[in-house]
Amino acid sequence: GLVPFIDTAQQVYSSGTDTWEVWVCDVANGDLTLDPTQVTSTLNAELTPYFEWLSDGAYTPVFVSGGIVESDDVIDEEEFEQEMAFATGCGDAVATASNRAPNGALIVVNVGFDGGYGTFGGVCPEDPFTGCVETFPGNSRRAVVGAATITLVDGFPERQLITVAHEIGHAQNWAHSYTGLTFDPDTNVLDRYDNDMDMLSGGSLSGDPVGTLAYHRYEAGWLAPEDVRVHDAGVANYRIPIVGQPGTGMVVIPGPSPGVFYTLETRRRVSYDSGLPVAGVAVHKVDQRRDSACAIPEGFPETWPCFATLTRITPEPAIEGGGSGHVIGLDDTVQVGLYDVSIVA
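Residues numbered from 1 in each chain as written. Predicted model: local features only at pLDDT ≥ 70, side-chain atom pairs only at ≥ 80, totals over all residues. Heavy atoms only, no water.

Considering all chains together, one arrives at two disulfides under this definition. Note on cysteine connectivity: Cys25 is disulfide-linked to Cys90, with sulfurs 2.1 Å apart. Since a negative S-S torsion denotes a left-handed disulfide, the Cys25-Cys90 link at about -85° is left-handed. Taken as a pair, Cys25 in strand E1 (residues 16-26) and Cys90 in helix H4 (residues 88-97) lie far apart in primary sequence, 65 residues in all. In this pair, the class of Cys25 matches that of Cys90, namely buried. (Disulfide = S-S within 2.5 Å. Helix = DSSP H or I, 4+ residues; strand = E, 2+ residues; numbered from the N terminus. Buried < 20%, exposed > 50% of the residue type's maximum accessible area, 1.4 Å probe, protein only.)

If you want it as structure tokens, here you go:
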């Protein structure tokens, strides 16, 4: 009951080999020369081991070279903010050029840009598929990223591979995790990237990806149900290991109403999580209520809860400006739902 439409969320892509076809798109304002074979080699060398670590060996993305296409798209920050209009010409060109049926399509535009946009595959959780729009490669799993994500570009101290991992995370149906309290001071636009403990929302994180939430790993099936404990009465001690260690990987505390609960997970600054700002036990709130958490796309049944990337996940407590204030350290005690949580060792 923790993940609505769990079969759709996991699909056939969250375990075993997940094949991504990689394309370079030369856009109207592009000024960089990218070799799709070299880009593919970088992704296999850098991101495949990351996801194998994150999944504890359950998931292996494999990147294969597609080729080069051209588009009249103009890529800039303003267009990126529109998201759904981001590099649509590149997407159409790749759909025409490809003769494969990959599990996902990754498009790298030849501009010195470190952003991206990714669709999620689970837009149709059950029959009939009302409201769904199919895009290449047919399952809507497509990501578009700037060249600065996979190669060194002037103005960037390092490759921003975290952005590519982020977009592949969305293709696993993973949602952002943000406070909802942080706004851009110039545009007053809500900042969905203020959780520095999650590669899905760590706007201050840079370079190689850190890990993501235990809830996302559970969604993907990488954290088994028997490794999740629900605490709903009394006093108990839990040992919560980090990624790759056996045991209770996530503790769930029920919230004030159905569809709301809290998660506890341990994060330490080791392996790919070395880039985290702090270590400790991270607390998040998961809210799947329609009246407070999300709006289901038009045409979907009114009774459905929030699901996939529509799920509302919040650091707990949510603090304006975000960061890592929701991480409990040794000897700290906080109230989570109806219970006090203390870190004793």
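Now that the structure has been shown, the text picks up again.
Before going further, it helps to spend a moment on the environment of Asp194. With respect to the element layout, Asp194 can be found in the loop between helix H5 (161-170) and helix H6 (214-220). Judged by relative accessible area, which is 3%, Asp194 ranks as buried. Between the C-alpha atoms of Asp194 and Gly255, which are 61 residues apart in sequence, the distance is 23 Å. Setting aside residues up to four positions removed in sequence, Asp194 forms contacts with Tyr178, Thr179, Thr182, Ser201, Gly321, Gly322 and Gly323. Within the structure, the side chain of Asp194 is placed 2.6 Å from the side chain of Thr179, a separation counted as a polar contact. (Contact = heavy atoms within 4.5 Å. Polar contact = N/O pair within 3.5 Å; in protein donor to acceptor, adjacent residues only side chain to side chain.)

Looking now at the pairing of E1. As judged from the 11 bridges shared by E1 and strand E2 (residues 59-70), these two strands associate in the parallel manner. Across the sheet, the residue bridging to Thr17 is Thr60, located in E2. Between the parallel pair E1 and E2, the chain is carried across by helix H2 (residues 36-54), and the sense of this crossover is right-handed. Relative to strand E3 (residues 104-109), E1 is paired through six bridges, and the arrangement is parallel. Looking at E3, one finds that Val22 is bridged to Leu106. (Pairing = 2+ DSSP bridges. Right-handed = clockwise from strand over helix to strand, strands pointing away.)

This brings us to the layout of surface pockets. If you add up the space inside the second largest pocket, you get close to 820 Å³. Forming the boundary of the second largest pocket are 29 residues, of which Tyr238, Val281, Ser342, Ile343 and Val344 lie nearest the centre. (1 Å grid on protein atoms, 1.4 Å probe; cavity = no way out; pocket = protein on both sides within 12 Å on 5 of 7 lines; lining within 4 Å. Points joined across faces, edges and corners; volume = space filled by probe spheres on them.)

Enumeration over the complete set of coordinates arrives at 11 aromatic pairs. Ring geometry for Trp174 and Trp222: centres 5.4 Å apart, planes at 85°, overall edge-to-face. Residue Trp174 is found in the loop between H5 and H6, and its partner Trp222 is found in the loop between H6 and strand E6 (228-230); the two are separated by 48 residues along the sequence. A single burial state applies to Trp174 and to Trp222, both of which are buried. Counting every residue linked through ring pairs, the aromatic cluster contains Tyr50, Phe51, Trp53, Tyr59, Trp174, Trp222 and Tyr272. Above the ring of Tyr13, the side-chain terminus of Arg141 is found at 4.1 Å from the ring centroid. (Phe/Tyr/Trp six-rings, centres within 6.5 Å; stacked < 30°, edge-to-face > 60°. Lys NZ or Arg CZ within 6 Å of the ring centre and 35° of its normal.)

Right, let's get into the sheet that holds E1. Two strands in a sheet stick together by hydrogen bonds in their backbones, pointing the same way (parallel) or opposite ways (antiparallel). Taken together, the five strands give an open sheet; going across it, the order is E2-E1-E3-E5-E4, and neighbouring strands pair in mixed fashion. With one partner strand each, in any of the chains shown, E2 and strand E4 (116-118) form the two edges of the open sheet. Neighbour-to-neighbour, the strand axes of the sheet open up by a mean angle of 20°, direction not taken into account. Across the sheet, H4 touches E1, E2, E3 and strand E5 (142-146), and the angle it forms with E2 is around 100°. Relative to E4, H5 is tilted by about 15°, and along the sheet it contacts E1, E2, E3, E4 and E5. (Axes fitted to C-alpha atoms, helices over the stretch in contact; angles between N-to-C directions.)

Helical geometry note: an α-helix holds 3.6 residues per turn, so side chains three or four residues apart project in the same direction. If you check H2, its first and last C-alpha atoms are 26 Å apart, about what 19 residues at 1.5 Å a residue would give, namely 27 Å. The sharpest bend along H2 reaches about 30° and sits at Asn44. Along H2, the residues that are buried comprise Pro36, Val39, Thr40, Thr42, Leu43, Leu47, Thr48, Tyr50, Phe51, Trp53 and Leu54. Residues of H2 that are buried in the fold lie against E1, E2, E3, H5 and H6. The opening residue of H2 is Asp35, an N-cap whose side-chain oxygen sits 2.9 Å from the backbone nitrogen of Thr37. Residue Asp56 follows H2 closely and has a positive phi angle near 55°. (Expected span 1.5 Å × (residues − 1). Bend = angle between axes of the 7 residues up to and from the residue.)

Next up on the list: the packing of H2 against H5. Orientation of H2 relative to H5, taken along the N-to-C sense of each, is 55°, at an axis distance of 11 Å. Classified by the interaxial angle, the pair formed by H2 and H5 is oblique. In the packing of H2 onto H5, the handedness of the crossing is right-handed. Within the contact between the two elements, H2 uses Leu43, Glu46, Leu47, Tyr50 and Phe51 and H5 uses Leu161, Val164, Ala165 and Ile168. Tallied by class, residues from the contact of H2 with H5 come to eight nonpolar, no polar and one charged. (Parallel < 35°, antiparallel > 145°, perpendicular 65-115°, else oblique. Left-handed = near helix turned anticlockwise from the far one by under 90°. Nonpolar A, V, L, I, M, F, W, Y, C, P; charged D, E, K, R; others polar.)

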